[in-house]
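Reading the structure
Next come the chains, spelled out residue by residue.
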Amino acid sequence: MPSGYPFKEIEAKWQRYWQRHRIFNVSPDAARPKYYCLEMFPYPSGKIHMGHVRNYTIGDVVARFKMMQGFNVLHPMGFDAFGQPAENAAIKNKADPGEWTHKCIDWMRNELKQMGFSYDWEREVSTCLPEYYRWNQWIFLQMLEKGLAYKKSSAVNWCPSCLTTLANEEVVNGGCWRCSTAVAQKDLEQWYLKITDYQDRLLEDLKQLKYWPERVITMQENWLGKSWGVEIYFREETTGEIIPVFTTRVDTIFGATYIVLAPEHPLVDKLIKDRPQEKKVRAFIEKVRKETRTIRSATDVKKEGVFSGAYAVNPVNNEPVPIWVADYVLMEYGTGAIMAVPAHDQRDFLFAKEHGLPMRVVIKNLEAARFAEREARRGSWKPEEMTEAHEGDGIQVNSGQFDGLPNTVAKEKIAAWMEETAIGKKTTNWRLRDWLISRQRYWGTPIPVIYCDHCGSLPVPEKDLPVLLPKKVKISGEGGSPLSQVKEFVKTKCPKCKGKARRETDTMATFFDSSWYFLRFCSPKNDKEVFYKKEVAYWMPVDQYVGGIEHAVLHLLYSRFFTKFLKDTGWVNFEEPFKRLLTQGMVLKNGEVMSKSKGNIVDPDEIIQKYGADTLRLAMLFAAPPEAEIDWADKGLEGAWRFLNRVWRLAEESLRLEAGGCPLRRARSEARKLEGGSVLDLRRKTHETIKKVTEDIEKEFKFNTAISAIMELVNQVYSLQFTVYSQEVKEAIEAVVILLSPFVPHIAEEMWEKLGYKESILKNPWPKYNPEILKQDIVSLVIQVNGKMRSRIDVSADIKEEELKKLVLADEKVKKWIQDKAVKNFIVVPGRLVNVVV
RNA sequence: GGGCGAGUGGUGGAAUGGCAUACACGCUGGACUUAAAAUCCAGUGGCCGUAAGGCUGUAAGGGUCCGACUCCCUUCUCGCCCACCA
């Protein structure tokens, strides 16, 4: 253990002090401006990791900074405690998920306290407690009533390893977001939330989020995936069935030479009936069904398909086109049917080549067209010889009355014409699907629904909430909802006819729990309502939210949806929950994510034992700007530790000087005589530092440069080498302590006390710089000749250009570079530089 | 395949039109010490030069500008997101 300042006693002392004086316990106060600072609450996995340390340290700096600026700061913490890992751990260790989770929570809470974070622990929530999840159930019932929660049977994402369903948002690269196992499709009856009812507002209101990172906005836009196009109605020749297809490239409609249905398309059955192709098509569909999503969506796999035997009529030219069934068309997107334009879509192109289907060029790229014409005259070019589809813009050809138009113009005209003639309809299409929320797992919120043979499916009456999750349930891990094995749970009375009934045995996805926890923090003990409207109106929206980028489309989209729903039902008075968002970068080790299997875990607890929480906090913040990745190196700790000791000695030394026969007043006059210049410089440096640190924290969270500015100030005090002690030195040292306090709160409190202050440093207002002191009478100007730095002169700040020119041209070094050349231009950037162009 | 972002010393990074490399790590040297650690001080992009000083340098190439790490174009590399999305 390195020797240095006694961090252990100091950190324990101030953590006790904050708790005893209830410094972070807040309540609404109309007299003060509020500030809600929130970090994404953790999943209680056991121990905190370096990612938590970073996330919560960033939030803590902001919260403490705002407190010192006089804001009434709400800074809560809780635990996202339901979920699969607890259940998996329980299966593995034959323990109870509840007990395991509570043990983890206790451990983590203790670690978070050791980091000195400024949380109001009286507001702690855990989503696995009935006093929390009963409101999950309540919100679910509100949604059920409004028709936003519904049950339907359809193909769902199924993780064969976790043995549960997954939301679309939880499928990453065709695999389960948790265990990466390839996701399969399964037909199941499941609960959904109609998030698609909110798609327009979810997209539109992204514009309001001016203080969100561009990346996250783009990711949400992509996820919502709005695109405009045309639904075109093809008619099947023998049955007369209308087959709508969706396209964003209606300009290529004249080049459609076949259409393709997804294997799951409901019309397929009817179309193939009694045709010679029937057997072959059915065999093909059966084969596709068995494929996992990963295999089916792999780009390098050859597109497979079969001819259905049926033909449809292209409504723009009444041409019959063959109907195919192929695996590259997805039922979930658009209408589940496409018009294929092999000349202008690469996938169609490859498919057409493979199966010998015709191609027709309808958009000509001018250069390609010239080439094609020349080759055609020679008789060597045929469309069949195209090597790839032309997907870019060009001029319409073979397109009836639209020939000669640029395709971008034709697109609009064709769409309008189709609407007039009822061949098609302009539509917008979304990528967003409804949110599947039921899970076949134990450790979650029971879905409050009862099934009665006579009355059907009914909501649990509000007065009967919460539907308690039974304890001591056997979890086999062998699939099926564990709750369905608990007879006492399943068996219930119908709320309507009082007859025998069954409970729903699926539980809610945990993302449901975290979609509104920030509202619960405003009145966490309310047992009458989901939250007090008044308290939410005071604290919300969250002014600053800090968390990982991995939630860009999951939690952050769901929370926005919940907020909008609660706005519509009159519970909140705002549309967006999070005003400002900071997504911190990951903490890596040797360029890799830390994980047990890689054996590259850095344990924060060990660092706290060795150096203390302040050193860890400082090292983390100083390593990189918050959004950037950090490749963790323990070396950074040494630097932070050294710096804190340097500051510690500075304060001690100054106190010794002040106490030991160096009274300030006398020292001041002597100091002026001896070191007047450097003492005045110190004063300016102090105020420059206050300005820089304040702006760095406030504007862009540039904690790394804020800290480096404080280091510079410390270096400057050291450069006086204690030859002087004066009011200016005292001012500098106090500024260092205050400015450091949001970053390293324990040591700052201790030094503040040593400097003679009786109250917590948090009660001291954040310092303001004095602009008068920043003004300089003499400024040093850089002199360039032809843009190259050649000299530097000191001039008075308000010098006139004429006089400056004289001085510059008289400068020896400048003369040397100009010699006898004529001065063409003389550029002055006031207070900065002069460029002489010759 | 599409979209977004990044590329600066030995290392983390700073500067977003005006002194490139702040601050820190590392390294080298010095002071203190019997010695070491700790601490304090100095030096530290490359090349030429005893020095003064000069040249050069922000992935590569080009452009705009009095002046470009910063803006524009082309190329390369890396990262992230989306993707049989019609």
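Note on numbering: residues in each chain are counted from 1, in written sequence order. Going through the entries in the order they are written, you letter the chains from A and number the ligands from 1. Reporting of local features is limited, given that this is a predicted model, to residues whose pLDDT is at least 70; pairs of side-chain atoms are given and counted only at 80 or more, and all residues count toward the totals for whole chains, interfaces and linings. With hydrogens and water set aside, each side-chain value is computed from the structure's full complement of heavy atoms.

Section: the packing of aromatic side chains
Aromatic rings from Phe, Tyr and Trp, taking only the six-membered ring of Trp, are treated as a pair when their centres fall within 6.5 Å; an angle between ring planes under 30 degrees marks them as stacked, one over 60 as edge-to-face, and anything in between as tilted. Summed over all chains, the structure comprises 44 aromatic pairs. Relative to F351, the ring of Y258 lies with its centre 6.0 Å away and its plane at 25 degrees, an arrangement referred to as stacked. Within this pair, whereas Y258 is found in strand β10 (residues 258-261), its partner F351 is found in helix α11 (residues 346-355), the two being separated by 93 residues in sequence. The exposure classification of Y258 matches that of F351, with both residues buried. For the pair F307 and W324, a centre-to-centre distance of 5.9 Å together with 40 degrees between the ring planes defines the contact as tilted. One end of the pair, F307, is in strand β11 (residues 305-314); the other, W324, is in strand β12 (residues 319-326), and 17 residues separate them in sequence. Counting every residue linked through ring pairs, the aromatic cluster contains Y198, W435, F511, F512, Y558, F561 and F562. Here the basic side chain of R431 rests over the ring of W223, its NZ or CZ set 4.1 Å away from the ring centre. Each helix corresponds to a stretch of at least 4 residues labelled H or I by DSSP, and each strand to a stretch of at least 2 residues labelled E; elements are numbered beginning at the N terminus. Exposure categories follow from relative accessible area, calculated using a 1.4 Å probe and restricted to protein chains: below 20% of the type maximum is buried, above 50% is exposed, and the middle band is partly exposed. By definition, being over a ring means that NZ of Lys or CZ of Arg is both within 6 Å of the ring centre and within 35 degrees of the ring normal.

Considerations on the packing of helix α1 (residues 7-20) against helix α25 (residues 745-754)
Here α1 crosses α25 at 85 degrees, and the two axes come no closer than 9 Å. Taken together, the axis directions place α1 and α25 in an arrangement best described as roughly perpendicular. For the pair α1 and α25, the contacting residues are I10, E11, K13, W14, Q15 and W18 in the first and P745, H746, I747, E749, E750 and E753 in the second. Split into classes, the residues belonging to the contact of α1 with α25 amount to 5 nonpolar, 2 polar and 5 charged. Axis definition: a line fit to C-alpha positions, over the contact stretch in the case of helices; interaxial angles, taken between N-to-C directions, run 0 to 180 degrees. Reported orientations rely on four angle classes, namely roughly parallel under 35 degrees, roughly antiparallel over 145, roughly perpendicular from 65 to 115, and oblique for the rest. We call two residues in contact whenever any of their non-hydrogen atoms come within 4.5 Å of each other. By the convention adopted, Pro, Cys, Tyr, Trp, Phe, Met, Ile, Leu, Val and Ala count as nonpolar, Lys, Arg, Asp and Glu as charged, and the other residues, Gly among them, as polar.

Observations regarding the packing of helix α24 (residues 727-740) against α25
Look at α24 against α25: their axes get within 8 Å of each other, and the N-to-C directions meet at 150 degrees. Both α24 and α25 take part in a crossing whose hand is left-handed. The residues of α25 that touch α24, namely those facing E734, V737 and I738, are A748, M751 and W752. When its residues are assigned to classes, the contact of α24 with α25 shows 5 nonpolar, no polar and 1 charged. Note on convention: near helix rotated counterclockwise from far helix by under a right angle means a left-handed crossing. Clockwise means right-handed.

Concerning the sheet that holds strand β21 (residues 491-493)
Pairing between strands is defined by DSSP: at least two bridges between them are needed. A sheet is described by the order of its strands in space; here 4 strands give the open sequence β20-β19-β22-β21, paired in antiparallel fashion. The outermost strands of the open sheet, each flanked by one partner alone, are β20 (456-459) and β21. Within the sheet, the average angular offset between the axes of one strand and its neighbour, ignoring direction, is 40 degrees. Bridge count for strand β19 (residues 449-452) against strand β22 (residues 500-503) is 3 bridges, and the pairing is antiparallel. Residue pairing in the sheet places I450 in a bridge with R503 of β22.

Here's the deal with the sheet that holds strand β32 (residues 833-837)
A sheet is described by the order of its strands in space; here 4 strands give the open sequence β30-β29-β32-β31, paired in mixed fashion. Lying at the two open borders of the sheet, with one neighbouring strand each, are β30 (788-796) and β31 (825-829). Here the strands of the sheet are splayed against their neighbours by 20 degrees on average, with no regard to which way each runs. Judged from the 8 bridges that link them, strand β29 (residues 778-785) and β30 form a sheet pairing that is antiparallel.

Remarks on the pairing of strand β1 (residues 34-39)
Most of β1 is tucked away: 6 of the 6 residues are buried. The alternating pattern of β1 places K34, Y36 and L38 on one face and Y35, C37 and E39 on the opposite face, and all of these are buried. Here β1 runs beside strand β2 (residues 72-74); their pairing, made up of 3 bridges, is parallel. When the bridges of β2 are listed, Y35 appears paired with V73. Taken together, β1, helix α2 (residues 50-68) and β2 constitute a β-α-β crossover, and its handedness is right-handed. Sheet topology places β1 next to strand β24 (residues 544-548); 3 bridges connect them, and they run parallel. Counted as the bridge partner of L38 is Y545 from β24. Viewed with both strands pointing away, a crossover whose connecting path from the first strand over the helix to the second turns clockwise is right-handed.

Brief notes about the environment of I10
Structurally, the position occupied by I10 is in helix α1. Here I10 falls in the buried class, since its relative accessible area comes to 4%. When the C-alpha positions of I10 and M751 are compared, they lie 9.9 Å apart, and in sequence the two are 741 residues distant. Each residue touching I10, except ones within four places of it in the same chain, is listed here: Y5, W648, H746, I747 and E750.

Examining the protein's contact with RNA strand B
A molecule or strand has a residue near it when one of that residue's heavy atoms lies within 4 Å. Within the structure, RNA strand B sits among 46 residues, and T248, K303, Y328, R431 and R792 are positioned closest to it. The sugar-phosphate backbone supplies 64% of the atoms of RNA strand B found within 4 Å of the protein. Definition of a polar contact: a pair of N or O atoms within 3.5 Å, with one able to donate and the other able to accept a hydrogen when the atoms are protein atoms, and with sequence-neighbouring residues admitted only if both atoms are side-chain atoms. In the environment of RNA strand B, a phosphate oxygen lies 2.8 Å from a nitrogen or oxygen atom belonging to the side chain of R646. The separation between a sugar or linking oxygen of RNA strand B and a polar side-chain atom of R649 is 3.0 Å. It is helix α23 (residues 703-719) that contributes the most residues to the surface near RNA strand B, 7 residues altogether.

Quick notes on the confidence of the model for chain A
Of the residues in chain A, 92% have a pLDDT of 70 or more, and the chain-wide mean is 87. How sure the predictor is of each residue is captured by pLDDT, a score from 0 to 100. Taken together, the stretch residues 663-676 has pLDDT below 50 and engages in 20 contacts with residues farther than four places along the chain or on a different chain. Here the predicted complex scores 0.90 on pTM and 0.94 on ipTM.

Quick look at α11
Of all the residues in α11, the buried ones are D348, F349, F351 and A352. On its buried face, α11 is in contact with β10, β11, β12 and β13 (337-340). Its side-chain oxygen 3.0 Å from the backbone nitrogen of R347, D345 forms the N-cap of α11. Remark: G356 follows α11 within two positions and exhibits a positive phi of approximately 65 degrees.

As for the nonpolar core
Soluble globular proteins: nonpolar side chains tend toward being buried together. Core analysis: the largest hydrophobic core is formed by 181 residues, its most contacted members being Y36, F140, W435, L519, W632 and F743. Sequence-distant contacts of W632, that is, excluding residues within four places in its chain, are made with M50, V587, L588, K589, M594, V602, I607, L616, A619, M620 and L637. To form a nonpolar core, buried Ala, Val, Leu, Ile, Met, Phe, Trp, Tyr and Cys residues must be joined to one another through side-chain atoms within 4.5 Å. By size, the runner-up hydrophobic cluster in this structure holds 38 residues, among which are I259, V316, M339 and I363.

Thoughts on the pairing of β29
Regular strands show a simple pattern: their side chains alternate between the two faces of the sheet. By the criterion of burial, β29 is predominantly enclosed, with 6 of the 8 residues buried. Linking two consecutive strands that pair antiparallel, namely β29 and β30, is a turn of 2 residues; a positive phi of about 50 degrees is found at N786 within it. By the bridge criterion, 4 bridges tie β29 to β32 in an arrangement that is parallel. From the neighbouring strand, V785 faces β32, where its bridge partner is V836.

Quick notes on the pattern of salt bridges
The term salt bridge refers to a pairing of a side-chain nitrogen on Lys or Arg with a carboxyl oxygen on Asp or Glu at a separation within 4 Å. A full pass over the atoms with the stated rule returns 43 salt bridges. The closest approach of N and O atoms between K564 and D205, which form a salt bridge, is 2.4 Å. Taken together, the positions of K564 in helix α18 (residues 555-568) and D205 in the loop between α6 (199-204) and α7 (214-224) put the pair 359 residues apart, joining distant regions of the chain. Neither K564 nor D205 differs from the other in exposure class; each is buried. One salt-bridge network, in which partners are shared between bridges, spans R201, D205, R560, K564, K567, D568, E575 and E576.

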